[in-house]
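The residues making up each chain are set out below.
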Amino acid sequence: MRHVPGLGPHVRERIEEFIKARVDDSRTEGVVLGLSGGVDSSTVAYLAADALGPDRVLGIIMPSATTPPDDLKHAEMVAVETGIEYETVDIEPILESFSGICGHRASRLALANLKPRARMMVLYYHANSMNRLVAGTGNRTELLVGYFTKYGDGGVDILPIGGLYKKQVRMLAEELGVPSEIISKAPSAGLWPGQTDEEELGISYDVLDEILFLLVDKKMGVPEVASELGVPVEEVKRIQGMINAAGHKLRPPEIADPGVI
């Protein structure tokens, strides 16, 4: 199963040019990004530091009670390696405050989504204060299946690696010199203790990338994709359903037509 292409010769340069152009076009001073200690945010940090210079990049580490200690260590490692300014903002007080001001009992999903939305507020607080853009760290795999929080980690100004599948992000991370221990560790959003992305998605990123590439980029039908990859038809149907359900997350809010113009 190797249908997802490798990186072209100028991917790194094109993304770095994109970052620089978006900052220049917006007449801002640089970017702010969340440093999670994972491969995606680490890759964006390296790209932004190269594109703009380390002094124009601020990384914010935003742990909660469920953040694994290794993630904090890796986030700091990336900041030191790239030379960017960084600070740590504990979001636990923000999360705890909701239990005292909201009357309805929160579901597990609401509590999990509250974390990336709290982080989005912290990022924009700094970005607005420093006249900078918020650089998102989502990849194409996550965007296509909606594996992100609307107005949370999806609430950003630019998505430098949003056109790369997870496999391709790992390849770019290697090219950039991101530490191997970050590239190889199991991806996790740290939404609850022991949470991993692949367990929550119910599929490995390697297989998911292949299914998405054939469904979306090659526009193959579900039965054809299942046969090509040797994956059950029901599994491919499930992924197609995730793509369909995620559409609203990638669009701006719909505006009702009042019929008066």
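Structure first, text after, so check above.
Rules of the game
Residues numbered from 1 in each chain as written. Predicted model: local features only at pLDDT ≥ 70, side-chain atom pairs only at ≥ 80, totals over all residues. Heavy atoms only, no water. Pairing = 2+ DSSP bridges. Helix = DSSP H or I, 4+ residues; strand = E, 2+ residues; numbered from the N terminus. Contact = heavy atoms within 4.5 Å. Axes fitted to C-alpha atoms, helices over the stretch in contact; angles between N-to-C directions. Phe/Tyr/Trp six-rings, centres within 6.5 Å; stacked < 30°, edge-to-face > 60°. Lys NZ or Arg CZ within 6 Å of the ring centre and 35° of its normal. Polar contact = N/O pair within 3.5 Å; in protein donor to acceptor, adjacent residues only side chain to side chain. Buried < 20%, exposed > 50% of the residue type's maximum accessible area, 1.4 Å probe, protein only. Core = buried A, V, L, I, M, F, W, Y, C linked by side-chain atoms within 4.5 Å.

Chemist: Help me understand the sheet that holds strand β4 (residues 133-134), please; the structure alone is not making it clear to me.
Modeler: One key point about sheets: their strands pair by backbone hydrogen bonds, in either a parallel or an antiparallel sense. Pairing in this open sheet of 4 strands is parallel, and the strands run β3-β2-β1-β4 from one edge to the other. The open sheet has two free edges, formed respectively by β3 (85-88) and β4, since each of these has just one partner strand. Two elements, strand β1 (residues 31-34) and β4, share 2 bridges in a ladder whose sense is parallel. Within β4, the position partnered with Val-32 by the bridge is Val-134. Against the sheet, helix α2 (residues 39-52) touches β1 and β2 (57-61), its axis set at about 165 degrees to β1.

Chemist: Sorry if this is basic, but what is going on with the environment of Ile-61 here?
Modeler: Here Ile-61 shows up in strand β2. For Ile-61 and Glu-17, which are 44 residues apart along the polypeptide, the C-alpha to C-alpha distance reads 25 Å. Beyond its immediate sequence surroundings of up to four residues, Ile-61 is in contact with Leu-35, Leu-72, Ala-75, Glu-76, Tyr-86, Glu-87, Thr-88 and Val-89.

Chemist: Any chance you could explain the packing of aromatic side chains here in plain terms?
Modeler: For any pair of aromatic rings, the description rests on two quantities: the centre-to-centre distance and the angle between the ring planes. Under the criterion given, the structure shown has 1 aromatic pair. Taking the centre distance of 6.3 Å and the plane angle of 80 degrees together, the rings of Tyr-165 and Phe-213 count as edge-to-face. With a gap of 48 residues between them, Tyr-165 in the loop between α6 (140-145) and α7 (166-176) and Phe-213 in helix α10 (residues 205-217) connect regions that are remote in the sequence. Over the ring of Tyr-205 we find Lys-166, and its NZ or CZ is 5.0 Å from the ring centre. Stacked on the ring of Phe-148, the Lys or Arg Lys-249 has its end atom at 5.0 Å from the ring centre.

Chemist: When you look at the side chain of Thr-43 in this model, what are you seeing that I'm missing?
Modeler: Turning to its location among the elements, Thr-43 is positioned in helix α2. A polar contact of 2.7 Å, which involves the side chain of Thr-43, links it to the backbone oxygen of Val-39.

Chemist: Please clarify how the environment of Gly-138 should be interpreted in this entry.
Modeler: With respect to the secondary-structure elements, Gly-138 resides in the loop between β4 and α6. According to the relative accessible area criterion, Gly-138 is buried, its value standing at 13%. Considering only alpha carbons, one finds Gly-138 and Ser-41, 97 residues apart in sequence, at a separation of 8.1 Å. Each residue touching Gly-138, except ones within four places of it in the same chain, is listed here: Leu-159, Ile-161 and Gly-162.

Chemist: Would you mind showing me how to read the nonpolar core here?
Modeler: One broad rule of soluble globular proteins: the nonpolar side chains tend to lie buried together. Formed by 34 residues in total, the largest nonpolar core has its most connected members in Val-31 and Leu-35. Elements supplying a minimum of two residues to this core: α1 (11-26), β1, α2, β2, α3 (69-82), α7 and α8 (180-184). One finds Leu-212, Leu-214, Met-220 and Val-236 within the second-largest nonpolar core, a separate group that totals 25 residues.

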